[in-house]
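Now for the letters of each chain:
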Amino acid sequence: MSPSHRPARWSVAALALGLVAGLLGCTAPRAERTDRPSVRVEQTQESLRQRVAAPAEGPPPAWSVPLRRLDQEVGEIGPVILVPDSRELRAVDRATGQERWRHPFTTGYQYVIAGESIVAADSDDGGMEVLDAATGVTRWRTAESQDVVVHEQTVFARECAGTGDSATCTIVGRDVPSGRQLWERPADRFARVSDVTLGARTPYAPASGRYVAVRLSTSPRSAAYAPVAPTTGRVGAGRLPNRAWYGFVAGDLLVTTDNDPARGEQRCTVSIATVDAATGDKGWSGVVFSGRKEDGECGKRLAHHHSGLTLIGAGTRLVAVTADGRPQLVDLGTGRTVWKGAAVGVPIDGDNQSVLVRGNADAGGLALLDLSTGVTRWTAPDPLLSGASASWRSAVTEGLVAVSAAEDDRPIVLVYEARTGRQLGRYPGWLAGAGADWVAVSRTGPDGLAVDLRAF
């Protein structure tokens, strides 16, 4: 099912937590530069509650906190760790585990960290609340905001009066800290700001660029993407039709993708179109490729959908796969392949420095590549954790790489050192978040659900 057929989402992925097995570090070849489907019965976190967990390997938890439900990533802002519970958000001191503050919500919510603020959107009825990260105090709120999308400085939403075809709607941009309205543009009930950004990871808002991509439309079928300046609402001249998958801005380019190969086409093609956002001048259009799953089917996505990323890359450079199945970095401005990986593999995760590659989209050994050069930093054996599992999670940070899923119906989290690939930890539980020197692991026990912070 392509993204246009999903329910509208906001820029945080729902979290169902799980984990993985071992790793060895070794040096691998330098990259080349250029100018059977199976039926799976998913074990839920609740169903695994009574199973005997394998002993933990690695540093003991710095602290643990109990909670009722966890379906979002644990995040970090300054000296605190944010723990999202079902109807409240808690800030916990990073060093001691002491609670700094907690903020209750009357409904389900989803949150994004934006600078020194936290934007929490109502999951049910619309509306949002912006909190001060230091105190948890509400800075401002709205009641009728839909499809909330957050960048570091600006929050965007659709606001409508009325319902159905008679609704009158606008797209509104507001300053995150103050709530001051920056601009408003007439729209309809299908219009929304795209929540796809190259290299952005939930629950963190991407940095604000010159434009955001807005899907302007008079109906779902005639939707087109346009670039809008985030602080003024000024619309650039670039236009691209909605092609059912992704519309986003990369540098000064407006970009759309179609990740569904043409009927009968076997190469896992992803078609890309670009225009200059400001002038509308036609840019590079061409194809890259997605990786294959273990059963040979095309993965279609360019990052694992449980990684917290939609697209891997930075600036105007996008990580994809070559026609012969190797990872590659493509410059969207020119279509030039910056580098090709030395070995076959599928990019599944990454950050602005590294790309995590697996043998297939959902199985196989691991490798960490340098984002700028494609050089393989280290490789690791297959962790034997299925990427097709709903409990699969991964994270790549400046200091750590973590993967998680169920092993023999027991959830495992594996943690590696990003620089060397040395395995630092193996913990029973589900990966709930990661930073430069910590991972959060959720687990169930006799007293219910808890989150442990493991520091390295």
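Residues numbered from 1 in each chain as written. Predicted model: local features only at pLDDT ≥ 70, side-chain atom pairs only at ≥ 80, totals over all residues. Heavy atoms only, no water.

(A) How the structure looks around the packing of aromatic side chains. Under the definition given, this model contains four aromatic pairs. Ring geometry for Phe 156 against Trp 183: centres 6.2 Å apart, planes inclined by 45 degrees, an arrangement best described as tilted. Of this pair, Phe 156 sits in strand E12 (residues 154–161) while Trp 183 sits in strand E14 (residues 181–187); the two residues are 27 residues apart in sequence, bridging distant segments of the chain. Trp 183 matches Phe 156 in its accessibility class, with the two residues each being buried. Ring centres of Trp 245 and Tyr 246 lie 5.6 Å apart, and the angle between their planes is 85 degrees; this geometry places the pair in the edge-to-face category. (Phe/Tyr/Trp six-rings, centres within 6.5 Å; stacked < 30°, edge-to-face > 60°. Helix = DSSP H or I, 4+ residues; strand = E, 2+ residues; numbered from the N terminus. Buried < 20%, exposed > 50% of the residue type's maximum accessible area, 1.4 Å probe, protein only.)

(B) Just the nonpolar core, in detail. In terms of nonpolar packing, the biggest core is built from 18 residues, with Phe 248, Val 255, Ile 272, Leu 311, Leu 318 and Leu 332 touching the most fellow members. With three residues, the top contributor of residues to this core is strand E19 (residues 246–250). Setting aside chain neighbours within four positions, we find Leu 332 in contact with Phe 248, Ala 250, Leu 253, Val 255, Ile 272, Thr 274, Trp 284, Thr 316 and Leu 318. Core analysis: the next-biggest nonpolar cluster, separate from the first, contains 16 residues, Ile 412, Leu 414, Tyr 416 and Ala 418 among them. (Core = buried A, V, L, I, M, F, W, Y, C linked by side-chain atoms within 4.5 Å. Contact = heavy atoms within 4.5 Å.)

(C) Seen up close, the sheet that holds E14. Strand order in the open sheet formed by four strands is E11-E12-E13-E14, and the pairing between neighbours is antiparallel. Edge positions in the sheet fall to strand E11 (145–150) and E14, since each of these pairs with one other strand and no more. In this sheet, adjacent strand axes meet at a mean angle of 20 degrees when their direction is disregarded. For E12 and strand E13 (residues 168–175), the ladder comprises eight bridges, and the chain directions are antiparallel. From the neighbouring strand, Ala 157 faces E13, where its bridge partner is Val 172. (Pairing = 2+ DSSP bridges. Axes fitted to C-alpha atoms, helices over the stretch in contact; angles between N-to-C directions.)

(D) Fine view of the sheet that holds strand E27 (residues 346–350). The strand order E27-E28-E29-E30 describes an open sheet built from four strands, whose pairing is antiparallel. Unpaired on one side and paired on the other, E27 and strand E30 (376–380) mark the two borders of the sheet. Each adjacent strand pair in this sheet contributes to an overall mean axis angle of 25 degrees, direction not counted. When strand E29 (residues 366–370) meets E30, the two strands line up antiparallel, connected through four bridges. In the strand pairing of E30, Leu 368 is matched with Trp 378.

(E) A look at the state of the cysteines. Inspection of every chain in the model, using the stated rule, returns two disulfides. Sulfur-sulfur distance for the disulfide between Cys 160 and Cys 169 comes to 2.0 Å. Taking the torsion about the sulfur-sulfur bond, which here is approximately 110 degrees, the covalent link between Cys 160 and Cys 169 counts as right-handed. Here Cys 169 falls in the buried class, since its relative accessible area comes to 3%. With its sulfur 2.1 Å from that of its partner, Cys 268 forms a disulfide with Cys 298. Across the S-S bond of Cys 268 and Cys 298 the torsion is about -85 degrees, and the bridge reads as left-handed. Of this pair, Cys 268 sits in the loop between strand E20 (253–258) and strand E21 (269–276) while Cys 298 sits in the loop between strand E22 (282–289) and strand E23 (313–314), and the two are 30 residues apart along the sequence. Take Cys 268: its relative accessible area is 1%, and that puts it in the buried class. With a relative accessible area of 17%, Cys 298 lands in the buried category. Looking at the protein, its bonded cysteines, counted consecutively from the start of the sequence, adopt the pairing 1-2, 3-4. (Disulfide = S-S within 2.5 Å.)

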